[in-house]
Amino acid sequence: YDGDDDNPDAMPEMGLLGLTPLIELVGVPESSHNSGVLAVGDVILHAGQTSAPRMGQFLKIVKAYAGQPLPMTVLRDGKQINLNGQVNKNGMLNVNPSYATDIPRIATPIKRLSTGPGDPAAVVDSPFAKFDLFGGTQIDAIGSKSVGDWNDIVVEARVATREASQKGQAVSFDVTTTNPIDGKANTDQVSLTSEEVEEIHALGWRSELPSAIFEPVFVVRSASGNPITAIGMGIEETHKLILLTYLTIDRLFRRSIGIDQLHGPVGIVHLGTKVADRGYTFLVFFLAMISVNLAVINFLPLPILDGGLFLFLVYEKFKGRPPSVGFQNAATLLGLALILTVFLVTFYNDMARLLGT
């Protein structure tokens, strides 16, 4: 299901029947300005004015606190801790949030579900909407079976609806929960339509492997001592970096990447010192990446760069004479002005990041 109480086209949420897991932080880089404030494993119980926010809500809240401290309550090692997350001017905490699927507690439930994005007629009430469950509620049992995490919730929901699925019928079953405010247990009977039953049984398989192992930093490639293989791998990685550089330039013009994300010489040196701490191999790769970026930029069709000089040669080939000296001088001055502008902008960005402004 996806949707939001007020916006049926909101970002999709992982969950079941309008219930979604709480948010857990699965990554807090050492370079993050929240390192030492937030920690891996923190489960978000409160952010801003919202208790137990869903993922979509949490991202909006963080964005709204750009440049300000974000009051938060997290569950850490079984204890509730109040703290202030530091949100940068771009509306980012610089942490990696995911879903807390290992504990059977829910974020603020979704009362209205979109079964057809973009179609207002495809918005229906959540099966749990009428029970007014609070965010932070714990799911204790589905039917007569107790549950310990979200995998159990899905499994027992399938068990409770298996016969109805085979017959293509609607079904009702009990769900036992614990109220996070008064600690009282409640048992409610949830009714599902035949379509909702089929959707439960159509859910795809989800790997139990932690997503972190698929992050690039954990990917190890080896040429197994073969120099030919190593050269091929180097060419492949260089090709990827060239494409990524051109893609970044394209996204800058399309404004899907802000100019404040650019790094200049100061920023490159600062990043280089951090990379160097990780070892010689990381430093060599970083230097290679910088070299590829410089090569791509140098071949852009701009005056004073090699790409601009290449255009002059192409012009001379077709016209039989080079561009006039006056035109070349004007183009060179324009190129210098562009490069100086980029330098000043990136220098400002670098200093702003270093000073934390």
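Here the structure is shown first, and the text comes after it.
A brief look at the structure comes next.

## Some words on the overall build of the protein chain
Each helix and strand counted, the protein chain has eight helices and twelve strands in total. Out of the 357 residues belonging to the protein chain, those deemed buried represent 33%. Residue pairs at least 24 apart in sequence account for 60% of intrachain contacts in the protein chain once pairs closer than 6 positions are excluded. If you sum the accessible surface of the protein chain, you get close to 21500 Å²; carbon and sulfur atoms cover 61% of it.

## Regarding a nonpolar patch on the surface
Together, I242, Y246, F299, F310, L311, V314 and F318 give the surface a local cluster of nonpolar side chains, amounting to about 690 Å² of exposed area. Elements with a contribution of two residues or more to the nonpolar patch: α4 (227–254) and α7 (306–319). Within the secondary structure, F310 sits in helix α7.

## Focus: the environment of H33
Tracing the backbone through its elements, the reader meets H33 in the loop between β1 (23–27) and β2 (43–47). Each residue touching H33, except ones within four places of it in the same chain, is listed here: Q86, V87, N88, M92, L93 and N94. Within polar-contact distance, the side chain of H33 engages the backbone oxygen of Q86 at 2.8 Å. Within the structure, H33 has its side chain in polar contact with the backbone oxygen of M92 (distance 3.4 Å).

About the thresholds
Residues numbered from 1 in each chain as written. Predicted model: local features only at pLDDT ≥ 70, side-chain atom pairs only at ≥ 80, totals over all residues. Heavy atoms only, no water. Helix = DSSP H or I, 4+ residues; strand = E, 2+ residues; numbered from the N terminus. Buried < 20%, exposed > 50% of the residue type's maximum accessible area, 1.4 Å probe, protein only. Contact = heavy atoms within 4.5 Å. Areas by Shrake-Rupley, 256 points an atom, 1.4 Å probe, with all protein chains shown as cover. Patch = residues over 30% accessible without salt bridge, like charges linked within 9 Å, V, L, I, M, F, W, Y side chains within 5 Å. Salt bridge = Lys/Arg side-chain N within 4 Å of Asp/Glu carboxyl O. Polar contact = N/O pair within 3.5 Å; in protein donor to acceptor, adjacent residues only side chain to side chain.

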